[in-house]
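Survey of secondary and tertiary structure
Each chain is listed here by its residues.
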Amino acid sequence: MVDYATILAGFGDAFTPFNLMFVLFGVLLGQFVGAVPGIGPIMAMAIAIPFTFGLDPLPAIAFLVGVNKGGLVGGAVPAILMNTPGTPDAAATALDGHPLAKQGKPLKATKMALFSSVTGDLFSDIVLITVSAPLAIMALKMGPIEVVALMIFAFSILAGLIGNSLIKGIIAAALGLLVASVGQDPEHYTPRLIFGYWDLFDGLPLPSVAIGMLAISEILRRMSLAHGNVKSGIITDGSQTPEDRRVSWAEYWACRYTMLRGATIGTILGALPGIGSTAAAFMSYAMTKAGSKDPTSFGKGNLQGIAASESANSAVVGANLIPLLTLGIPGSVGAALIISAFMIHGMQPGPLLFEQQGRLVYGLFGAMLMANFVNLWVGQLGLRFWTKVVSAPESIIFSAALLLCIVGVSMATSGLFGVAIMLIFAIVGYLMSTFGYSLVIFIIAFFLGPRFEKSIAQSLALTNGDLTQMLKSPVAVALLVLSVVSFVYFLRKNAQAAALETKM
Amino acid sequence: MGGDHVVSADRISGIFFLLLGLAMYFVVNPAHIEAVEGGSLNPKTVPDIISLILALCGGLLVLKPTTHQVANLQNILRTAGYSLLLVAGLFAMSRFGFEYVAPLLAFAIMWFIGERRPFWLAFGAVGMPALIWFLVTQALGRALP
């Protein structure tokens with residue numbers, strides 16, 4: 001489907017000094033914001049997307065890939081130094097990273113996190129580059145009927161895996177779909193639920209909804225927690241021996257199997273929608289500890305613990321793009337943001353992407369590989385500096401982030417109407433997370449909603465309104481059976497969890 | 001927070017979604033979705049099905065709540081305060097522009113969080129808006145709100 005000339009041209013497009021500069025900017029920004037507790041790469045990407053509008057697609061996407069990858073490395077810094085993970089997936093890193101820092105070896109801990117993060121990330125990128133094109137060929141054989149079945153399957157998995165309650169997961173997905181139905185309907189193009197606001201005719205702007213739900217609602221939550229308690233910086237000990245400041249080749253090599261296991265777990269979990277890097281990090285950590293000859297050393301500053309969690313959580317990032325590029329289904333919030341950036345820059349994720357914009361896809365792969373090496377290089381030089389970043393006061397960070405969100409969304413939506421929508425969804429997002437509803441499911445459902453409805457309309461047209469015709473497609477039947485199985489499985493799992501809570 | 005409060009949190013949101021679903025199905029969708037003849041999928045069909053799912057799941061949540069705990073009321077009220085501040089800032093921005101309102105908004109946010117150090121207050125209220133102004137208008141050549 002994709003010839004070698006396209007692949008080579010794509011990689012050639014990526015490996016230019018101009019794109020390298022944007023990857024470098026992205027990695028620098030990602031590591032910087034990742035090191036700030038409470039910001040993290042997702043929020044950084046949400047804020048950064050509108051600022052890439054003026055750029056060509058490849059440098060813009062290269063920049064965002066850099067932000068995402070850099071954020072994972074930066075997220076380990078506050079986890080290790082302050083036991084305050086910058087990102088949730090770095091929480092497992094803190095288990096051994098923070099004790100090692102307390103032993104006077106903060107740089108050794110952060111460097112081990114950097115090396116294992118880059119190793120895991122590179123592994124999953126290679127898997128992504130290898131498997132995504134063949135998977136896209138298979139996906140191309142799917143028609144609207146199979147797409148509807150696939151989306152039902154994706155929703156059944158998402159609802160069960162992400163929320164702590166299946167009912168709440170379904171509510172979050174339904175709300176996302178309902179909000180997605182605002183604007184013109186996909187078949188007749190008549191206005192729907194716009195309440196007289198013609199600005200809504202093209203639907204609710206994705207940057208407003210995504211930034212409001214993911215960035216502003218989180219900033220509001222953290223501002224209320226920080227109220228009257230501005231955190232002061234931490235002081236790192238400067239009197240460390242050279243051995244305590246670096247990771248030797250022997251120490252790195254001793255962790256090779258741990259990193260390979262972590263990268264494999266992260267890649268497999270990352271390819272499934274909705275599981276996320278936090279689960280991968282903790283699973284890898286638990287398996288490494290269980291398989292260790294000295295499990296009691298874990299939690300006390302064991303380098304294997306850091307390698308296990310960082311290689312796994314970083315491997316999720318590349319693998320997250322497998323369902324996104326091949327099927328057009330984002331597997332995580334980060335992937336949902338990347339998909340919105342793709343669309344802003346004229347890319348339509350899905351199986352046709354490889355056929356229609358193969359060169360750009362391989363340019364993206366090239367940028368991802370480049371970002372790994374830049375991440376390693378910037379991390380080596382910047383870790384000393386990022387350890388100072390964690391001491392920046394939250395008051396500055398929150399006010400600056402809010403102003404950047406306002407400016408970014410106003411640029412993305414050409415006015416303050418989009419900013420007003422952003423604020424509304426910030427409040428909705430805050431209330432949803434306060435009451436225990438998954439924002440991830442909401443955003444993914446919001447994103448998939450129009451395509452889901454269009455596929456249903458196309459399926460109905462193809463089958464003359466007789467949806468039992470779906471049963472003639474073996475792929476659709478298999479996916480629907482899998483949906484029922486996962487639905488029943490999560491219902492039983494929730495019932496067992498509820499019974500356990502009642503006993504306690 | 002006691003057990004009664006824990007249960008009531010899910011019941012409150014369950015009642016909200018039950019009422020929202022019913023209101024959408026019976027009131028909002030009929031009034032705000034244009035009826036269309038023909039075609040394979042009526043514009044009202046999907047929103048109607050989703051509204052009923054919302055109402056059904058809201059009802060189920062009222063009957064079978066989880067043990068999810070809600071953050072304390074004081075934090076929610078503080079968030080409401082910050083939200084009002086942002087709404088006021090946005091309104092002022094639509095009247096007077098980003099250049100005049102952003103420093104005041106940044107200062108107010110920092111002050112309410114509890115920042116009292118003059119250097120950081122000055123940096124947040126003057127330095128950050130100036131940096132954003134430079135980035136957007138000079139480096140990117142775009143207009144500020």
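The shown structure was predicted, so the numbers you read here are calculated from the model rather than taken from an experiment.

1. Points about the overall build of chain A
Looking only at helices and strands, chain A has 21 helices and 2 strands in total. Relative to its 504 residues, chain A shows a buried fraction of 61%. Put simply, chain A shows about 18700 Å² of open surface, and 68% of that area lies on carbon and sulfur atoms.

2. With respect to unusual backbone geometry
All names here are of chain A. Phi is positive for L193, which is not a glycine, with a value near 55 degrees. Classification of L193 as buried rests on a relative accessible area of 2%. Backbone geometry places F195, a non-glycine residue, at a positive phi of 50 degrees. As for its placement among the helices and strands, F195 is situated in the loop between strand 2 (191–192) and helix 9 (206–226).

3. Considerations on the environment of K454 of chain A
Within the element layout of this structure, K454 of chain A appears in helix 20 (residues 439–462). Residues K454 of chain A and G291 of chain A, 163 residues apart in the sequence, show an inter-C-alpha distance of 49 Å.

4. Points about the domain arrangement of chain B
Domain assignment breaks chain B into domain 1 (3–63) and domain 2 (73–139). Taking the mean C-alpha position of each, domain 1 of chain B and domain 2 of chain B sit 37 Å from one another.

5. Notes on the interface of chain A and chain B
Counting from both sides, the interface comprises 62 residues of chain A and, opposite them, 71 residues of chain B. Carbon and sulfur atoms make up 77% of the surface buried where chain A meets chain B, a total of about 5600 Å² over both sides. Connecting chain A to chain B are 1 salt bridge. The partner of K168 of chain A in a salt bridge is D10 of chain B, with the nearest N and O atoms 2.7 Å apart. On inspection of chain A and its partner chain B, the count reaches 11 residue pairs in polar contact (both at pLDDT 80 or more). Counting only elements with at least two residues in the side of chain A that touches chain B, the list comes to helix 8 (166–180), strand 2, helix 9, helix 18 (394–413), helix 19 (416–434) and helix 20 of chain A.

Each value, and the rule that gives it
- Residues numbered from 1 in each chain as written.
- Chains lettered and ligands numbered in written order.
- Predicted model: local features only at pLDDT ≥ 70, side-chain atom pairs only at ≥ 80, totals over all residues.
- Heavy atoms only, no water.
- Helix = DSSP H or I, 4+ residues; strand = E, 2+ residues; numbered from the N terminus.
- Buried < 20%, exposed > 50% of the residue type's maximum accessible area, 1.4 Å probe, protein only.
- Areas by Shrake-Rupley, 256 points an atom, 1.4 Å probe, with all protein chains shown as cover.
- Domains from an automatic or database assignment.
- Contact = heavy atoms within 4.5 Å.
- Buried area = accessible area lost by both parts, 1.4 Å probe.
- Salt bridge = Lys/Arg side-chain N within 4 Å of Asp/Glu carboxyl O.
- Polar contact = N/O pair within 3.5 Å; in protein donor to acceptor, adjacent residues only side chain to side chain.

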